[in-house]
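One-letter residues, chain by chain:
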Amino acid sequence: MTGVYRVVMVLVFLLSLGWVSGCGQGDGTSAFGEPPPTGTWYPEPVALRIHPSTRYVQEGDRVWLRTRVELLDALGDPLKYPARFRFELWRSGGVGGSGSLAYVWRFDVLGYAEQDSAYDPVTRCYAFSLTLDDVGAIEDLRRMRLRVYAETADGERLQREMVLRP
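From a predicted model like this one, the values you see are computed outputs, not experimental measurements.

S.K.: Would you explain the overall build of the chain in this entry?
M.R.: Within the chain, the regular secondary structure consists of two helices and nine strands. The secondary structure elements of the chain, listed N-terminal to C-terminal, are α-β-β-β-β-β-α-β-β-β-β. Per-residue burial for the chain yields a buried fraction of 30% across its 166 residues. Considering only residue pairs separated by 6 or more positions, the chain has 57% of its internal contacts joining residues 24 or more positions apart.

Okay, here's the thing in structure tokens:
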């Protein structure tokens, strides 16, 4: 009888854990039987920021544009979030901001491996090294505009632009 008693007590204990932990019908209600309140805050990106440390780096015959990008939530805090990034480097074209497109780079940061390689937990930014082909053109790159686009996994499109100065 002791073995049966123990099995019954274990079953009762496990069932009580399921009730306490909020296992329910899956109908969108909380553990308290109510839908989540309207106006509930969820961390999701609403803005994009190009970090001011963006700069050109030259090592021998190679040139990179090193940039860091933050996805910001509604409270202004940086966060990780699956997104597709597009970087465009534009030549300045005078008054009105017209110019010509010099470079385009694309990065998908959708899965765990991409998040792990692109996100810097110390600065809480995505870090990218954008390769430039022509070392001789570095002088022409001094007053370029960098446009960054991010399309998040839930379809939100964010954009920011920065003028690069020497």
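S.K.: Explanation requested: unusual backbone geometry in the structure shown.
M.R.: Among all residues save glycine, negative phi is the norm, and among peptide bonds the norm is trans. Not every positive phi belongs to a glycine, and Arg-124 is a case in point at roughly 60 degrees. With respect to the helices, strands and loops of the structure, Arg-124 is situated in the loop between strand E6 (119–120) and strand E7 (125–132). Residue class for Arg-124 comes out partly exposed when judged on its relative accessible area of 41%.

S.K.: In this structure, what is going on with the pattern of salt bridges? I would like to understand it.
M.R.: Two side chains that carry opposite charge are able to pair once their charged atoms sit near each other. Counted by the stated rule, this structure contains seven salt bridges. With a shortest N-O distance of 2.5 Å, Glu-70 and Arg-49 are connected by a salt bridge. Of this pair, Glu-70 sits in strand E3 (residues 62–72) while Arg-49 sits in strand E1 (residues 47–50), placing them 21 residues apart in sequence. Judged by relative accessible area, which is 33%, Arg-49 ranks as partly exposed. The salt bridge involving Glu-161 is made with Arg-147; its shortest N-O contact spans 2.7 Å. Here Glu-161 is found in strand E9 (residues 157–163), whereas its partner Arg-147 is found in strand E8 (residues 145–152), with 14 residues between them in sequence.

S.K.: Can you help me understand the nonpolar core in this one?
M.R.: Considering soluble globular proteins, one finds that nonpolar side chains tend to be buried as a cluster. Core analysis: the largest hydrophobic core is formed by 29 residues, its most contacted members being Leu-71, Phe-85, Phe-87, Leu-89 and Leu-146. Within the residue set of this core, elements represented by two or more residues are E1, E3, strand E4 (83–90), strand E5 (101–109), E7, E8 and E9. Contacts of Leu-71, omitting those with residues within four sequence positions, involve Pro-45, Ala-47, Leu-48, Asp-77, Pro-78, Leu-79, Tyr-81, Ala-83, Phe-85, Tyr-126, Ala-150 and Leu-158.

S.K.: Would you explain the pairing of E1 in this entry?
M.R.: Consecutive side chains of a regular strand alternate in pointing toward one face of the sheet and then the other. Residues Leu-48 and Ile-50 line the buried face of E1, whereas the alternating positions Ala-47 and Arg-49 sit on a face that is not buried. The pairing of E1 with E3 spans four bridges and is antiparallel. Residue pairing for E3: Ala-47 is matched across the bridge by Leu-72.

S.K.: Looking at this structure, how should I read the packing of aromatic side chains?
M.R.: The geometry of two aromatic rings is summed up by the distance between their centres and the angle between their planes. Enumeration over the complete set of coordinates arrives at eight aromatic pairs. Ring centres 5.9 Å apart and planes at 80 degrees place the aromatic pair Phe-87 and Phe-107 in the edge-to-face group. One end of the pair, Phe-87, is in strand E4; the other, Phe-107, is in strand E5, and 20 residues separate them in sequence. Aromatic rings pair up to connect Phe-85, Phe-87, Phe-107, Tyr-119, Tyr-126 and Phe-128 into one cluster. Over the ring of Trp-64 we find Arg-66, and its NZ or CZ is 5.2 Å from the ring centre. Sitting above the plane of the Trp-90 ring, Arg-147 keeps its charged end 4.6 Å from the centroid.

The rules behind the values
Residues numbered from 1 in each chain as written. Predicted model: local features only at pLDDT ≥ 70, side-chain atom pairs only at ≥ 80, totals over all residues. Heavy atoms only, no water. Helix = DSSP H or I, 4+ residues; strand = E, 2+ residues; numbered from the N terminus. Buried < 20%, exposed > 50% of the residue type's maximum accessible area, 1.4 Å probe, protein only. Contact = heavy atoms within 4.5 Å. Salt bridge = Lys/Arg side-chain N within 4 Å of Asp/Glu carboxyl O. Core = buried A, V, L, I, M, F, W, Y, C linked by side-chain atoms within 4.5 Å. Pairing = 2+ DSSP bridges. Phe/Tyr/Trp six-rings, centres within 6.5 Å; stacked < 30°, edge-to-face > 60°. Lys NZ or Arg CZ within 6 Å of the ring centre and 35° of its normal.

Worth remembering: the numbers are spatial, not functional.
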